[in-house]
Amino acid sequence: MSSLKNVNTQYSTSFRSTKYILPGELIDQVIDHFHDDSPSLRACCITCRAWAPSARFHIFHDIVLCDAERADALAVHLETSPHISPLVRSLTINGHLDPAHKRLDYYLDVVIPAIAPKLTRLKTLRVKRVTLAKHDPMVLSALIHNFSTLQELHISSVTFNGFRDFAALIVVHPFLECLDLELICWKSVTMESHWENVFQEYPDLHSRLRCIKLHPISLSVIDWLSSYYDVLPVHTLTQSSYPIYQAPQMARLLQLIGFSLEHLTFSIYQFISESSEKTKMDLLSSNTGLRTLTFDSLLLSLPYAQTYAWLPVLLSQVTSCYIE
């Protein structure tokens, strides 16, 4: 009887001392399911050492800064735990529409210049609802002179001090592949007519851009894109601001892109008179590699259909062998 008791005691002790370690690949798959659940990720991070790396990867992968408190917290983390800085791959700077938002000036003018040099592996940058013209120049300088690995840039509802500041934010990033612009403006118009001569310090005119999305923006932006670069190998282009009214600028841009363009989307938000001379411009004949042509927001029911008499003319210009 005593021998049986000893066996049971040994088995119980052996069972309690056994460590069951899950494979790293399985841990990653489990934690991946919580990629958008911050409370669960924080719980996983303190569960055990084996779970911490995967949990940290998701916690710091996409950072959204919308107030001074979050910005301060990120600054503290980067200062006390520098090993997390390579984990930050996406940064969103949201300035809010309300100029009286709590400590907004501090958040932009102090924290952003402090943390930008530490984000050495950032891939995506989003800047929303920010009037850079009224903030410390160090904010724009931080955005321009850091993030050398940036691949995606999204700018929405941003006011620059001048056109040169806006363009510099684009051309300084050598690996930029995706550009998304919406409601871009600048406080000073004096530079706008002289933008051809303000980029002598950036001699590399061969862009890596593969995807461009142009929401309602100034004609000068399209004009600059089509005139500044020698090569623009874009394969996806979305134009959402009245393409027929911007036909001359779009014609130059599409001609520069040429054969590399594969997917083109036009979003029509305004009706156009069929008598407009701009409807006769040649837009698509140089894009022989085009595979998809999409028109959004078309109202083809009467009485609106008659305002799209230019559409068959545009379709007749398609020369790509991939579109029937």
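Please read all numbers here as calculations on a predicted model, not as lab measurements.

Parameters and conventions
Residues numbered from 1 in each chain as written. Predicted model: local features only at pLDDT ≥ 70, side-chain atom pairs only at ≥ 80, totals over all residues. Heavy atoms only, no water. Helix = DSSP H or I, 4+ residues; strand = E, 2+ residues; numbered from the N terminus. Buried < 20%, exposed > 50% of the residue type's maximum accessible area, 1.4 Å probe, protein only. Contact = heavy atoms within 4.5 Å. Areas by Shrake-Rupley, 256 points an atom, 1.4 Å probe, with all protein chains shown as cover. Salt bridge = Lys/Arg side-chain N within 4 Å of Asp/Glu carboxyl O. Pairing = 2+ DSSP bridges. Right-handed = clockwise from strand over helix to strand, strands pointing away. pLDDT = per-residue confidence, 0-100. Axes fitted to C-alpha atoms, helices over the stretch in contact; angles between N-to-C directions. Parallel < 35°, antiparallel > 145°, perpendicular 65-115°, else oblique. Left-handed = near helix turned anticlockwise from the far one by under 90°. Nonpolar A, V, L, I, M, F, W, Y, C, P; charged D, E, K, R; others polar.

**Some points on the overall build of the chain**
- Scanning the chain for helices and strands turns up 11 helices and nine strands.
- Within the chain, buried positions represent 41% of all 324 residues.
- The long-range share in the chain, meaning contacts at least 24 apart out of those at least 6 apart in sequence, stands at 81%.
- Accessible area of the chain: about 17500 Å², with a carbon and sulfur share of 56%.

**A few points about the pattern of salt bridges**
- A full pass over the atoms with the stated rule returns two salt bridges.
- Of the charged contacts, one joins Glu79 and Lys118 as a salt bridge, the two residues approaching to 2.6 Å between their closest N and O atoms. You can see Glu79 sitting in helix H5 (residues 68–80) and its partner Lys118 sitting in the loop between helix H6 (104–115) and strand S3 (124–131), a full 39 residues away along the chain.
- Of the residues examined, Glu79 reaches a relative accessible area of 55% and is grouped as exposed.
- Between Arg252 and Asp223 there is a salt bridge, with the nearest N and O atoms lying 2.7 Å from each other. Taken together, the residues Arg252 in helix H10 (residues 247–257) and Asp223 in helix H9 (residues 219–228) connect sequence positions 29 residues apart.

**Some words on the pairing of strand S6 (residues 211–214)**
- Of the pairings in the sheet, the one linking strand S5 (residues 178–186) to S6 comprises four bridges and is parallel in character. When the sheet's bridge partners are listed, Leu181 is paired in S6 with Leu214.
- The sheet contact formed by S6 and strand S7 (residues 236–239) spans four bridges and is parallel. Looking across to S7, one finds that Cys211 is bridged to Thr236.
- In this view, the connection linking S6 to its parallel neighbour S7 by way of H9 has right-handed handedness.

**Some details on the confidence of the model for the chain**
- On average, residues of the chain score 77 in pLDDT, and 74% of them are at 70 or above.
- Here residues 191–195 is modelled with pLDDT under 50, and outside its nearest four sequence neighbours on either side it reaches 11 contacts, counting other chains as well.

**Considerations on the sheet that holds strand S2 (residues 90–94)**
- Read across the sheet, nine strands follow the order S1-S2-S3-S4-S5-S6-S7-S8-S9 without closing on themselves; strand pairing throughout is parallel. Edge positions in the open sheet fall to strand S1 (62–65) and strand S9 (292–296), since each of these has one partner strand only. On average, each strand axis in the sheet is inclined to that of its neighbour by 10°, with strand direction left out of account.
- Sheet strands touched by helix H8 (residues 163–171): strand S4 (152–160) and S5. Its angle to S4, the strand with the most contacts, is close to 170°.

**Details of unusual backbone geometry**
- Of note, the phi angle at Arg129 is positive, near 50°, even though the residue is not glycine.
- Following the sequence through the fold, Arg129 ends up in strand S3.
- A positive phi is found at Ser157, a non-glycine position, where the angle reads about 55°.

**Some thoughts on the packing of H8 against H9**
- Direction vectors running N to C along H8 and H9 enclose 50°, while the axes themselves pass 12 Å from each other. Classified by the interaxial angle, the pair formed by H8 and H9 is oblique. Between H8 and H9 lies a crossing whose hand is right-handed. Taken together, the residues of H9 that come into contact with H8 (itself represented by Phe163, Phe166, Ala167, Ile170 and Val171) are Ser220, Val221, Trp224 and Tyr228.
- Split into classes, the residues belonging to the contact of H8 with H9 amount to eight nonpolar, one polar and no charged.

**Focus: the packing of helix H7 (residues 137–145) against H8**
- At a closest axis distance of 8 Å, the pairing of H7 and H8 adopts a crossing angle of 30°. By the angle class used here, H7 and H8 are roughly parallel. Only Asp165, Ala168 and Leu169 of H8 make contact with H7, whose side of the interface consists of Leu140, Leu143 and Ile144.
- Residues of the contact of H7 with H8, tallied by class, amount to five nonpolar, no polar and one charged.

**As for helix H4 (residues 52–61)**
- Within H4 the residues assigned to the buried category are Ala52, Ser54, Ala55, His58 and Phe60.
- Contacts made by the buried residues of H4 are with helix H2 (24–32), helix H3 (38–45), S1 and H5.

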